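Each chain, letter by letter, is given below.
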Amino acid sequence: MTLAGMRTADVQPASLEVSGDRGQEIVDALNIVTDRMVDDVSAALTTMGLTVAVSPDRSETIRFGDWRAGLSPLCAVAVCKMPPLKGQILISVPPALVARLTDIFFGGDGESVADRTSFTPTEQRIFLRLVDMLADAHSQAWPGPATPEISAIETVRNNLRMARDGDPAIMQSLTIQRGKTQLGRIDFVHAAPQLRGMFGTE
């Protein structure tokens, strides 16, 4: 769905429930995709020198505006296309998680992170490596031919325009942990309407 199409006056926000049982079917299918990603993401992080634990969270439906409002003003989001599917997927890595993983990469414990208003050049490089790896892992786990292609990087949350604030989005998440310390959560966010007709739903 194009941005112009979403702003057409006679288009109403989709219901948050995403058509009831069909919406739940999509969520259940995405849970399987998330589970499949865990081993690939863990292995890729280890290859980067990041020894951390990766665990899947259950997918959930949330209004796009609520998800975006929950981001910090400085964010780290890869905007991906999903050919041959229409629409986008957003891969969000919290700035604090980027900083913690960068600290671990250089031998730190990743437990203390200062507030920030920008990313260092090193953090930018770590983030770009992360999202390349995450997009590849998502592609490997996806049940169809759709392959995320990173088209843009966004660091200002209010610039994210995948959907209208009241429209439903479906969020997949991975939690990253080191020892007993939870480092942060990575989100994969889909506009719910673009997933209709998939996973056996019409």
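Here the structure is a predicted model, which means the values were calculated and not measured. (Residues numbered from 1 in each chain as written. Predicted model: local features only at pLDDT ≥ 70, side-chain atom pairs only at ≥ 80, totals over all residues. Heavy atoms only, no water.)

A.B. asks: Account for a nonpolar patch on the surface, with residues named and values stated.
C.D. replies: Side chains of Leu128, Ile150 and Ile153 sit close together on the surface and give an oily, nonpolar patch of about 220 Å² of accessible area. Relative to the helices and strands, Ile150 is located in strand E4 (residues 149-156). (Patch = residues over 30% accessible without salt bridge, like charges linked within 9 Å, V, L, I, M, F, W, Y side chains within 5 Å. Areas by Shrake-Rupley, 256 points an atom, 1.4 Å probe, with all protein chains shown as cover. Salt bridge = Lys/Arg side-chain N within 4 Å of Asp/Glu carboxyl O. Helix = DSSP H or I, 4+ residues; strand = E, 2+ residues; numbered from the N terminus.)

A.B. asks: Give a description of the sheet that holds strand E6 (residues 181-191) that names residues and reports values.
C.D. replies: Note: strands within a sheet are paired through backbone hydrogen bonds, in either parallel or antiparallel orientation. As summarised here, the arrangement of the 6 strands in space is E1-E5-E6-E3-E2-E4, forming an open sheet in which the pairing is antiparallel. Two strands close off the open sheet at either side, each with one partner strand: strand E1 (53-63) and E4. Along the sheet, successive strands turn relative to each other by an average axial angle of 20 degrees, direction set aside. With 4 bridges connecting them, strand E3 (residues 88-92) and E6 associate as antiparallel partners. Considered in E6, the bridge of Ile89 is made with His190. (Pairing = 2+ DSSP bridges. Axes fitted to C-alpha atoms, helices over the stretch in contact; angles between N-to-C directions.)

A.B. asks: Let's hear about the layout of surface pockets: which residues, and what values?
C.D. replies: Taken as a whole, the second largest pocket spans an internal volume of roughly 190 Å³. Lining the second largest pocket we find 15 residues, and of these Gly70, Leu71, Ser72, Ser92 and Pro94 sit closest to its centre. Within the residue set of the lining of the second largest pocket, elements represented by two or more residues are helix H3 (64-69), strand E2 (74-81), helix H4 (95-105) and E6. Of the residues assigned to the lining of the second largest pocket, the class counts are 9 nonpolar, 3 polar and 3 charged. (1 Å grid on protein atoms, 1.4 Å probe; cavity = no way out; pocket = protein on both sides within 12 Å on 5 of 7 lines; lining within 4 Å. Points joined across faces, edges and corners; volume = space filled by probe spheres on them. Nonpolar A, V, L, I, M, F, W, Y, C, P; charged D, E, K, R; others polar.)

A.B. asks: Outline the pattern of salt bridges, listing residues and values.
C.D. replies: Enumeration over the complete set of coordinates arrives at 4 salt bridges. Salt-bridge contacts for Arg58 lead to Asp35; the nearest nitrogen and oxygen are separated by 2.8 Å. A residue pair is termed long-range when its members are at least 10 positions apart, and Arg58 in strand E1 and Asp35 in helix H2 (residues 21-47) qualify at 23 residues. A salt bridge links Arg68 to Asp165, with the shortest nitrogen-to-oxygen separation between them at 2.3 Å. With Arg68 in helix H3 and Asp165 in the loop between E4 and strand E5 (168-178), this pair connects stretches of sequence that are 97 residues apart. Looking at Arg68, the relative accessible area reads 10%, which means it is buried. (Buried < 20%, exposed > 50% of the residue type's maximum accessible area, 1.4 Å probe, protein only.)

Nothing here speaks to function; it is geometry throughout.
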